[in-house]
Amino acid sequence: MRVRNLRWWIVALICAGTMANYLARNSLGVLAPELKSALHMTTQQYSYVVGAFQLAYTIMQPIAGALVDRFGLRIGFAMFGLAWSAANMLHALAFGWLSLALFRGLLGIFEAAAIPSGIKAVAEWFPARERSVAVGWFNAGTSLGALIAPPVVAAVAIWANWRWAFIVTGAVGVIWAIAWYACYRPPEQHNAITADERAMIAADRPATPAARARPREILRSQRFWVIAVPRFLAEPAWQTFSFWIPLYLATERGMDLKQIALFAWLPFLAADFGGILGGYLSPFLMRRGVALIPSRVAGIALGAVLMIAPGCIGLAASPYTAILLFSIGGFAHQMISGLINTLSADVFAPGEVGTANGFIGQAGWIGGLIFSLLIGQFADTVGYGPLFGVLAVLDLIGAAIFIIFIGKLTAPTPAETNSAKELSA
């Protein structure tokens, strides 16, 4: 049976995968207040647990992207999905912060494939004019996973205990991995795609066979660094929201687990809107004469300005005002994140985009790791407020870099495409 607009069903499947990924990932943050008590962790030790995930994820992102480029999305993404689900279930066996950090590191190794795989799928299935919209929708899965984590994880923990919360959230990923393997094929091999849609996808890019990625050339290119440095500066905000909001609400605002379940999902709901609307902003500007790359940068700059709001959380008088400012920050960050990820699909060839996005993600996670360790070191002494203020400054610097060096962001040249053909021959 042929399915019209099959590419959007593929986006829905990727979105479901990122939801499963972030549901597992954010379980730790929701359970942080309880885990600190049950496993007798200090705030600094909790930062080490978070850091174990971030370090493993940071190291693994380009490796995971290269593996997906090498073995293909269908097998590669499914195997990583099964592996991260198993690693999340192992959290239930933790008996102290060291064992929790070990399992967290395993989770980071396997979850690192999610974003590079999603970006690669968008590059395979979508013409350039639609990519930011597609990335906005699949990137919404990151926020949806984070959004449903507080009520789902808290409900399971209250109904049973924190160990079962890790088992249940891991099982979701197993179901998704099976569905991905059963349903995904590239457009040239998919039996359900219509001839018109296949022709439309093929017409937008050179007909190149899958090429092995060239890490050295990627890292030497100026366009890589113009994207990677702002990603390094932007990522700390999202990781702070994902891993530290529940602990902040518990320690600074006096909320218990039930209250966290009621309110901690709101920034991630706002993040969904930011990612999706940011994706539509680019084609909106293009229809009004703005070129492809400047339309992406304009959205990133708007998001950076909005990030001033969470930078002011230290001035908030009530927890509800703080949650509102977090929500504006979630909206702003996902606008930035989706458009940065889209740029990697715009400026790198299809055969190398998984590896390129993996390296760009690695740069971001280095920034997130450093910032999480700083929070663990200073939150109990200087408080969270000044640290949130730093996040706003980092995003504004990242936007300035894009504006100054926008001329370095160019699409792959014919020479690079021919080189990719030679590598795959």
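See the structure shown above.
Residues numbered from 1 in each chain as written. Predicted model: local features only at pLDDT ≥ 70, side-chain atom pairs only at ≥ 80, totals over all residues. Heavy atoms only, no water.

Enquirer: So what's going on with the environment of V390? Residues and values would help.
Expert: Turning to its location among the elements, V390 is positioned in helix α17 (residues 385-404). Separated by 237 residues in sequence, V390 and V153 place their C-alpha atoms 30 Å apart. (Helix = DSSP H or I, 4+ residues; strand = E, 2+ residues; numbered from the N terminus.)

Enquirer: Would you mind going over the packing of aromatic side chains in detail, with residue names and values included?
Expert: Evaluated as defined, the whole model comprises 25 aromatic pairs. Each ring, one from F77 and one from W176, has its centre 4.8 Å from the other, and the planes form 65°; the classification is edge-to-face. Taken together, the residues span a long stretch of sequence, with F77 in helix α3 (residues 73-90) and W176 in helix α7 (residues 162-183) at a distance of 99 residues. Residue classification places F77 among the buried positions, given a relative accessible area of 0%. (Phe/Tyr/Trp six-rings, centres within 6.5 Å; stacked < 30°, edge-to-face > 60°. Buried < 20%, exposed > 50% of the residue type's maximum accessible area, 1.4 Å probe, protein only.)

Enquirer: I'd like to hear about the nonpolar core, residue by residue, with values.
Expert: One broad trend across soluble globular proteins is that nonpolar side chains are buried collectively. Among the nonpolar cores identified, the biggest contains 119 residues, and L35, Y46, W180 and F402 are the most heavily contacted of them. By residue number, the principal contributor to this core is helix α10 (residues 222-251), which donates 14 residues. (Core = buried A, V, L, I, M, F, W, Y, C linked by side-chain atoms within 4.5 Å.)

Enquirer: Let's hear about the packing of helix α5 (residues 114-125) against helix α15 (residues 319-347): which residues, and what values?
Expert: Any two packed helices are characterised by the angle at which their axes cross and by the distance between the axes. Axis separation between α5 and α15 bottoms out at 10 Å; the angle between their running directions is 55°. The angle between α5 and α15 places the two elements in the oblique class. When you trace α5 past α15, the crossing you get is right-handed. When α5 is examined against α15, the residues I115, I119 and A123 are found in contact with a partner set consisting of N341, S344 and A345. Grouping the constituent residues of the contact of α5 with α15 by class yields 4 nonpolar, 2 polar and no charged. (Axes fitted to C-alpha atoms, helices over the stretch in contact; angles between N-to-C directions. Parallel < 35°, antiparallel > 145°, perpendicular 65-115°, else oblique. Left-handed = near helix turned anticlockwise from the far one by under 90°. Contact = heavy atoms within 4.5 Å. Nonpolar A, V, L, I, M, F, W, Y, C, P; charged D, E, K, R; others polar.)

Enquirer: Provide a residue-level description of the environment of A177, including the pertinent values.
Expert: With respect to the helices and strands, A177 occurs in helix α7. On the accessibility criterion, A177 (2% relative accessible area) is buried. Sequence separation between A177 and F103 is 74 residues, and the spatial gap between their C-alpha atoms is 20 Å.

Enquirer: If you had to explain the side chain of R25 to someone new, which residues and values would you point to?
Expert: Take R25: it is sitting in helix α1 (residues 6-38). In this structure the side chain of R25 is engaged in a polar contact, spanning 3.3 Å, whose partner is the side chain of Y57. Apart from the residues within four sequence positions on either side, R25 is in contact with F53, Y57, R104, L107, E111, F243 and W365. (Polar contact = N/O pair within 3.5 Å; in protein donor to acceptor, adjacent residues only side chain to side chain.)

Enquirer: How would you explain α1 if you had to name every residue and give the values?
Expert: For α1, built from 33 residues, the straight-helix expectation of 48 Å at 1.5 Å per residue is met to within 8% by its first-to-last C-alpha distance of 47 Å. The element α1 is largely enclosed, with a buried count of 24 among its 33 residues. With its phi angle positive at about 55°, H40 sits one or two positions after the end of α1. (Expected span 1.5 Å × (residues − 1).)

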